[in-house]
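Residue strings, one per chain:
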Amino acid sequence: MAIKKPKVAVFKFASCDGCQLSILDAEDELLIIANAVDIAFFPEASRRMLKGPYDISFVEGSITTPHDVEYIREVRKMSRVLVTIGACATAGGIQALRNWKDIKEFTQIVYAKPEYISALDRSLPISSYVHVDFELQGCPINKYQFIEVMSAFLHRRRPNVSSHSVCIECKTKGNICVLVDKGIPCLGPVTHAGCGALCPSYQRGCYGCYGPMESPNTQSLSKHFIRLGLTGQDVMLAFRGFNAYAEAFRKESDAHEK
Amino acid sequence: MTSRQPTLKLKSQQLNTLINVIKQRGYTPVGPVVREGSLIYDRLNSADELPRGWTDEQDAATFRLKRRSDNAYFGYNVGQHSWKQFLFLPKVKLFTSIKKGKTFEVIPNSPHEIVQNYAFIGVRPCDLQAIKVQDLVFNNGQFTDPLYKTIRKKNFIAVVNCTQAGGTCFCVSMSSGPRAYRGFDLAMTEVLSGDDHFFTVEVGSKSGAEVMSEIPHDIADQTQIETADKLVERAARQMGRSMDVKDIKEILYANLENKSWDDVANRCLTCANCVMVCPTCFCSTVEDITDVTGEHAERWRRWDSCFTMDFAKVFGGNFRPSSKGRYRQWMTHKLATWIDQFGTSGCVGCGRCITWCPVRIDITEEMRTIRSGAR
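Residues numbered from 1 in each chain as written. Chains lettered and ligands numbered in written order. Predicted model: local features only at pLDDT ≥ 70, side-chain atom pairs only at ≥ 80, totals over all residues.

### Brief notes about the sheet that holds strand 8 (residues 118-123) of chain B
Residue and element names in this part refer to chain B. Reading across the sheet, the eight strands line up as 3-2-8-9-10-11-1-12 and stay open at both edges, with mixed pairing between neighbours. Among the strands making up the open sheet, the edge pair consists of strand 3 (38-43) and strand 12 (218-219). Here eight bridges tie strand 10 (residues 186-193) to strand 11 (residues 196-203), and the two strands are oriented antiparallel to one another. Paired with Thr 189 across the bridge in strand 11 is Thr 200. In the packing of helix 1 (residues 15-24) onto the sheet, the strands contacted are strand 1 (8-11), strand 2 (28-35), strand 8 and strand 9 (156-160), and the crossing angle to strand 2 comes to about 135 degrees. (Pairing = 2+ DSSP bridges. Helix = DSSP H or I, 4+ residues; strand = E, 2+ residues; numbered from the N terminus. Contact = placed C-beta atoms within 7 Å. Axes fitted to C-alpha atoms, helices over the stretch in contact; angles between N-to-C directions.)

### Thoughts on the packing of helix 10 (residues 218-227) of chain A against helix 12 (residues 247-255) of chain A
A pair of packed helices can be characterised by two numbers: the angle between their axes and the separation between those axes. Residues and elements named next belong to chain A. Between helix 10 and helix 12, whose axes approach to 10 Å, the crossing angle comes to 45 degrees. Between helix 10 and helix 12, the interaxial angle falls into the category oblique. Here helix 10 runs over helix 12; the crossing is right-handed. Contacts from Thr 218, Gln 219 and Ser 222 of helix 10 reach helix 12 at Ala 248, Phe 249 and Glu 252. (Parallel < 35°, antiparallel > 145°, perpendicular 65-115°, else oblique. Left-handed = near helix turned anticlockwise from the far one by under 90°.)

### Some remarks on the interface of chain A and chain B
Facing the 33 residues of chain A at the interface are 38 residues of chain B. Mapped onto the side of chain A that touches chain B, the elements with two or more residues apiece are helix 2 (27-36), helix 6 (143-154), helix 7 (166-173), helix 8 (178-182) and helix 10 of chain A. Grouping the amino acids of the side of chain A that touches chain B by side-chain chemistry returns 15 nonpolar, 13 polar and five charged. (Nonpolar A, V, L, I, M, F, W, Y, C, P; charged D, E, K, R; others polar.)

### Here we look at the domain arrangement of chain A
All names here are of chain A. As far as domains go, chain A holds domain 1 (7-154) and domain 2 (166-255). Between the C-alpha centres of domain 1 and domain 2 there is a distance of 25 Å. Domain 1 puts 14 residues into the contact, and the matching count from domain 2 is twelve residues. Considering each element in turn, the side of domain 1 that touches domain 2 owes the most residues, three residues, to helix 4 (residues 86-91). Residue composition of the side of domain 1 that touches domain 2, grouped by class: six nonpolar, eight polar and no charged. (Domains from an automatic or database assignment.)

### What to know about unusual backbone geometry
Residue and element names in this part refer to chain A. Between Gly 52 and the following residue, Pro 53, the backbone shows a cis peptide bond with an omega angle of 0 degrees. As for its placement among the helices and strands, Pro 53 is situated in the loop between strand 2 (38-41) and strand 3 (54-60). Here the residue pair Cys 139 and Pro 140 is connected by a cis peptide bond, since its omega of -10 degrees sits within 30 degrees of zero. Not every positive phi belongs to a glycine, and Asp 17 is a case in point at roughly 75 degrees. By C-beta crowding, Asp 17 is classed as partly exposed, having 14 other C-beta atoms within 10 Å. The residue Gln 203 is not glycine, and still its phi comes out positive at about 65 degrees. Looking at the secondary structure, you find Gln 203 in the loop between helix 9 (198-201) and helix 10. Owing to 15 C-beta atoms within 10 Å, Gln 203 belongs among the partly exposed residues under this scheme. (Buried ≥ 20, exposed ≤ 12 C-beta atoms within 10 Å, placed from the backbone.)

### Side note on helix 4 (residues 125-138) of chain B
All names here are of chain B. Here helix 4 spans 20 Å end to end across 14 residues, near enough to the 20 Å set by a 1.5 Å rise per residue. When we look at burial in helix 4, the residues that qualify are Pro 125, Cys 126, Asp 127, Leu 128, Gln 129, Ala 130, Ile 131, Val 133 and Gln 134. Packed against the buried residues of helix 4 are helix 2 (84-87), strand 8 and strand 9. (Expected span 1.5 Å × (residues − 1).)

### Notes on the environment of Arg35(B)
Residues and elements named next belong to chain B. Considering the arrangement of structural elements, one finds Arg 35 in strand 2. Residue classification places Arg 35 among the exposed positions, given that 12 C-beta atoms sit within 10 Å. Sequence separation between Arg 35 and Phe 63 is 28 residues; the distance between their C-alpha atoms is 14 Å. Dropping the residues within four chain positions of it, Arg 35 is found in contact with Ile 40 and Asp 42.

### Concerning the sheet that holds strand 7 (residues 103-108) of chain B
Residue and element names in this part refer to chain B. A sheet is described by the order of its strands in space; here four strands give the open sequence 7-6-14-13, paired in antiparallel fashion. This sheet does not close on itself; its edge strands, each paired only once, are strand 7 and strand 13 (284-290). Taking each pair of neighbouring strands and ignoring which way they run, the sheet shows an average axis angle of 20 degrees. Sheet topology places strand 6 (residues 91-100) next to strand 14 (residues 296-303); seven bridges connect them, and they run antiparallel. The residue of strand 14 that forms the bridge with Lys 93 is Trp 300.

### Comments concerning the packing of helix 9 (residues 260-267) of chain B against helix 11 (residues 323-342) of chain B
Residue and element names in this part refer to chain B. As a packed pair, helix 9 and helix 11 sit with axes 8 Å apart at the nearest point and diverge in direction by 105 degrees. Between helix 9 and helix 11, the angle is such that the two are roughly perpendicular. Across the interface between the two elements, Trp 261, Asp 262, Val 264 and Ala 265 from helix 9 touch Ser 323, Lys 324, Tyr 327 and Arg 328 from helix 11. Residue classes in the contact of helix 9 with helix 11 are distributed as four nonpolar, one polar and three charged.

So, in structure tokens, the structure goes:
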């Protein structure tokens with residue numbers, strides 16, 4: 001008799017679907033994954049949608065509407081393990097830029113019938129509403145890290161997802177520091193590893209797509225950016241990206257807002 | 001070698017012959033090259049690939065490559081890379097494990113499959129000292145890292161003594177340069193005077209003597225030796241930094257609660273760049289990975305740092321949660337506890353941690369602050 005395969009689900013909230021596409025992009029591994037687990041609910045990939053409970057649920061996207069709040073609580077109830085994936089689910093995403101503005105004003109300008117729009121005043125991470133077992137940061141997530149997290153939960157071990165700076169990835173690869181060697185502003189020292197130091201590997205500064213690292217000293221790095229000639233506005237914008245509402249980045253951008 | 005060998009003279013045109021002879025003897029030459037505008041250490045096919053005519057300007061948090069007015073082959077100091085990356089690999093698989101029914105089979109990774117016979121060309125005296133420091137860590141009789149030991153055993157080292165110092169250099173303070181006295185196969189000093197361009201060469205080993213016997217060379221005369229010596233002495237006077245090492249261990253031990261640690265913690269990014277670029281930092285972590293099926297597992301070792309949170313995480317908590325504690329750990333280990341542990345300082349004065357700290361934290365300055373406010 002075949003052993004019952006663990007049921008895996010992938011849910012989507014307010015997001016661009018890029019993290020789900022990263023999963024689908026794991027082409028070499030998808031067949032192995034499909035063999036090892038029962039992909040029970042993944043509307044982006046399959047019309048076959050099995051009911052919960054699920055052994056592992058991966059959640060993409062942020063919470064932006066009252067409906068989202070209800071739905072994420074349902075998802076939590078149906079899931080033994082809940083893992084959030086991507087900057088939206090872990091920090092509120094790029095759409096959290098509206099957290100600094102009045103959402104009602106936007107809906108008035110954009111929609112002919114703004115009364116049809118039911119939106120919360122802020123875009124928040126999943127962990128603001130329900131307990132999350134593991135957060136996988138990144139915009140978008142790294143497909144290999146996704147497989148690592150899934151394998152780790154399936155085999156009940158600790159995922160090897162380092163929360164140190166991107167600098168360690170650069171140095172391990174032998175990349176020469178763009179900040180020191182070229183004077184290019186780089187968020188690597190305050191940013192969570194995981195992308196494999198993608199931008200610095202191509203002589204670009206880090207944009208902070210993977211959100212804050214474990215102990216980010218954003219203030220010290222900002223001071224150095226100012227020394228390099230950036231304005232307070234530049235620094236504010238540097239921290240107000242895909243992970244703008246992650247606490248460390250939010251506080252730093254606020255400190256430079258005039 | 002017991003008997004003192006005469007200093008030899010190698011014409012600059014013969015530098016490529018040296019590299020060729022080294023290659024013919026089965027070594028993979030590695031040395032400084034310029035890639036994408038940066039100074040790195042990489043495979044070296046010929047002397048033409050050396051950063052000839054380049055120099056570097058270094059200060060806290062800046063490194064710039066500049067053109068020289070001459071054609072020196074080694075007219076720069078050390079870059080971000082160090083020889084550590086070839087001897088103590090940043091990432092290495094230790095073994096593979098395959099599930100066999102209810103048990104599993106372990107397939108070790110043989111060092112011999114990974115090891116290259118590296119010939120390091122252009123090792124600076126501070127970096128040679130760093131290699132000796134890591135020898136004490138990885139191959140000290142009591143503890144042996146088989147991979148490190150195997151790579152070192154097959155390692156050829158051609159030192160180039162420094163004839164100029166960089167803005168963050170302080171090897172004189174740490175007694176590790178600008179001249180190397182032992183522990184090399186060859187030690188060269190580059191001399192450029194007028195149209196004359198040559199290297200004085202000291203032979204430090206049997207392999208070094210064998211290599212030199214295959215290359216056309218002369219015996220250096222007294223004037224040539226003195227010219228080379230003067231250039232090295234000039235470098236010694238040019239140190240961009242200095243560190244007073246008198247009673248350094250006692251001072252650090254007596255100042256674990258000095259308030260200057262709070263100040264440096266405010267600036268420290270805990271990014272671990274200093275550790276990564278340090279040629280003696282030796283910490284690593286071990287990661288076990290499994291695939292989705294659970295049939296296949298691997299154990300990997302990779303560079304780690306006392307600046308990461310995971311480093312001091314144990315059951316029940318983290319015994320070094322603050323960045324203050326982590327910076328203090330790094331600096332106190334490097335300059336003080338290292339002496340108790342290995343009988344030598346962990347610092348060789350190469351200046352990398354000063355140049356490559358993104359926010360200009362300078363170990364010589366931090367030490368000065370502690371010393372001046374010492375209890």
